[in-house]
Amino acid sequence: MKTALTSLITASLLGIASYASGRAFDAADFTAILFTTGLVAWTMDQYSREPRSLYRDTLIRLPIAIKVRSTATQAAKQAA
């Protein structure tokens with residue numbers, strides 16, 4: 001929510017400044033500024049956090065048999 005609010009306020013202030021200087025400010029400019037500011041604010045928000053650890057405390061063990069015979073090996077033994 002903070003990112004969207006920052007984007008909207010920045011785009012509005014730049015629109016007011018553009019209008020005060022006499023330059024035409026249309027919806028395309030507003031949308032481009034809104035998107036760019038939102039992207040910058042989102043990026044800053046993502047990089048300001050502590051990254052999550054990829055390691056877990058406990059290991060996940062799957063119940064899979066270690067010795068598995070393939071059908072090709074069984075077929076070769078039966079043919080011999």
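Reading the values: the criteria
Residues numbered from 1 in each chain as written. Predicted model: local features only at pLDDT ≥ 70, side-chain atom pairs only at ≥ 80, totals over all residues. Heavy atoms only, no water. Patch = residues over 30% accessible without salt bridge, like charges linked within 9 Å, V, L, I, M, F, W, Y side chains within 5 Å. Areas by Shrake-Rupley, 256 points an atom, 1.4 Å probe, with all protein chains shown as cover. Salt bridge = Lys/Arg side-chain N within 4 Å of Asp/Glu carboxyl O. Helix = DSSP H or I, 4+ residues; strand = E, 2+ residues; numbered from the N terminus. Buried < 20%, exposed > 50% of the residue type's maximum accessible area, 1.4 Å probe, protein only. Axes fitted to C-alpha atoms, helices over the stretch in contact; angles between N-to-C directions. Parallel < 35°, antiparallel > 145°, perpendicular 65-115°, else oblique. Left-handed = near helix turned anticlockwise from the far one by under 90°. Contact = heavy atoms within 4.5 Å. Expected span 1.5 Å × (residues − 1). Arc of directions from axis to C-beta.

1. A closer look at a nonpolar patch on the surface
A surface patch of nonpolar side chains, about 400 Å² in accessible area, is lined by Leu-5, Ile-9, Leu-13 and Ile-16. With respect to the secondary-structure elements, Leu-13 resides in helix 1 (residues 2-21). Classification of Leu-13 as exposed rests on a relative accessible area of 54%.

2. Thoughts on the packing of helix 1 against helix 2 (residues 27-47)
At a closest axis distance of 8 Å, the pairing of helix 1 and helix 2 adopts a crossing angle of 140°. Between helix 1 and helix 2, the angle is such that the two are oblique. As for how helix 1 packs across helix 2, the hand of that crossing is right-handed. Taking contact as the criterion, the partners of Thr-3, Thr-6, Ser-7, Leu-8, Thr-10, Ala-11, Ser-12 and Leu-14 in helix 1 are, on helix 2, Phe-30, Ile-33, Leu-34, Thr-37, Gly-38, Ala-41 and Trp-42.

3. As for helix 2
Relative to the 30 Å expected for 21 residues at 1.5 Å per residue, helix 2 spans 30 Å between its end C-alpha atoms, a close match to the ideal helical length. Within helix 2, the full set of buried residues consists of Thr-37, Gly-38 and Ala-41. For helix 2, the buried positions fall inside an angular range of 105° around the axis, keeping them on one side. Facing away from the buried side of helix 2 by more than 90 degrees, the exposed set consists of Phe-35 and Tyr-47.

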